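# Chains, contacts and geometry: an overview
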Amino acid sequence: MNAKVIVVTSGKGGVGKTTTTANIGAALAKLGEKVVVIDVDVGLRNLDVVMGLESRVVFDLVDVLEGKCRLSQAVIRDKRVDTLYLLPASQTRDKDALDPEVFKGVVRQLIEEEGFTRVLIDSPAGIESGFRTAAAPAEGALVVVNPEVSSVRDADRIIGLLEAQQIREIRLVINRLRPKMVASGNMLSEADVLEILGVKPIGIIPEDDGILVSTNVGEPAVLGKSAAGQAFMDTARRLKGEDVPYPKLEQDRGFLAALRRLFGGA
């Protein structure tokens, strides 16, 4: 994926968007990139907690946009990965405090003056003004989707909006996939999601209890050893253009295949 500025978004909340942002950001940094992750979910600030940096937040994105501090004062360096940084959201303001044009200027400054090679923007879920602001400077998008019908339906709408904003590089991160449920036909498979949305996945993340633990302790899973952490690392390597094979699920039939069998199709 050539895009330097990538918005991480989803149609609905609770699909793992913030966890995805933190992990792919940390993985890209471990792979040698200088990465800043930006939390645009104003009023619901979570990215700093997932990354374990909440105690170090002094200034936030809105302070930068309103000129109350310099950009360098608000950006926090992660001490575990030297090239990973966070620009946190405000917890006390609402999404209307964000001006898309001013935000685009801040992102441009991060790349041109601060030397970041990748900017990941954690967007609010849904299609309101916060999403439009988050997507404004983006050249590419990662759409996080769970393999369930409601999540995929909402993702379809988000993809249409991203395309309307002339964002050409759009990829899926299929999160919380359960191979046994896919094999039994009780969960959408990777092929099902691709068939419905027409967008290629760049990451397939298995359901993993270790993610809950890593989130609670504020340490991205890619910094430890877990199945999900390895899957996020593989996703980051694909973003960098590496040819990393996807895990092959046994009897990868999925929910749509089960329906076809039920109604006499394939």
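Remember, it's a predicted structure, so these values are computed and weren't measured experimentally.

### Some points on the overall build of the chain
Check the secondary structure of the chain and you find 12 helices and 8 strands. Computed over the C-alpha atoms, the radius of gyration of the chain is 18 Å, within 12% of the 18 Å expected from 2.2 N^0.38 for a compact globule of 266 residues. Reported as C-alpha extents along the three principal axes, the dimensions of the chain are approximately 65 × 40 × 30 Å. Per-residue burial over the chain gives 53% buried out of 266 residues. Total accessible area computed for the chain in this model is approximately 11900 Å², and 48% of it derives from carbon and sulfur atoms. Distance between charge centres in the chain, computed from 34 positive and 37 negative side chains, equals 2 Å.

### Some thoughts on the packing of aromatic side chains
Considering all chains together, one arrives at 1 aromatic pair under this definition. For the ring pair Y85 and F116, a centre distance of 5.2 Å and an interplane angle of 85° mean the geometry is edge-to-face. With Y85 in strand β4 (residues 84-87) and F116 in the loop between α5 (100-112) and β5 (118-122), the pair connects residues that are 31 residues apart, well separated along the chain. Neither residue differs from the other here; Y85 and F116 are each classed as buried. Over the ring of F116 we find K34, and its NZ or CZ is 4.8 Å from the ring centre. Its guanidinium or amino end placed over the ring of Y246, R238 lies 3.8 Å from that ring's centre, counting from NZ or CZ.

### Points about the UniProt feature "binding site: ATP" (unreviewed entry) in the chain
Per the UniProt annotation, the sites labelled "binding site: ATP" (unreviewed entry) are K12, G13, G14, V15, G16, K17, T18 and T19. In this fold, V15 is placed in the loop between β1 (5-9) and α1 (17-30). Here V15 falls in the buried class, since its relative accessible area comes to 2%. Those residues in contact with V15, other than ones at most four positions away along the chain, are S10, V144, N146, S151, N175 and R176.

### Here we look at the sheet that holds strand β6 (residues 140-145)
Taken in spatial order, the 8 strands make up an open sheet running β3-β4-β2-β5-β1-β6-β7-β8, and their pairing is mixed. Both outer strands of the open sheet, β3 (76-77) and β8 (201-206), are each paired with one neighbouring strand and no more. Those strands touched by α1 are β1, β2 (35-39), β4, β5, β6 and β7 (169-177), and its axis lies near 170° from that of β5.

Conventions and cut-offs
- Residues numbered from 1 in each chain as written.
- Predicted model: local features only at pLDDT ≥ 70, side-chain atom pairs only at ≥ 80, totals over all residues.
- Heavy atoms only, no water.
- Helix = DSSP H or I, 4+ residues; strand = E, 2+ residues; numbered from the N terminus.
- Rg over C-alpha atoms; globule rule 2.2 N^0.38 Å.
- Buried < 20%, exposed > 50% of the residue type's maximum accessible area, 1.4 Å probe, protein only.
- Areas by Shrake-Rupley, 256 points an atom, 1.4 Å probe, with all protein chains shown as cover.
- Lys, Arg positive; Asp, Glu negative; His and termini not counted.
- Charge placed at Lys NZ, Arg CZ, Asp CG, Glu CD.
- Phe/Tyr/Trp six-rings, centres within 6.5 Å; stacked < 30°, edge-to-face > 60°.
- Lys NZ or Arg CZ within 6 Å of the ring centre and 35° of its normal.
- UniProt positions renumbered as here; feature names shortened; annotations may be inferred.
- Contact = heavy atoms within 4.5 Å.
- Pairing = 2+ DSSP bridges.
- Axes fitted to C-alpha atoms, helices over the stretch in contact; angles between N-to-C directions.

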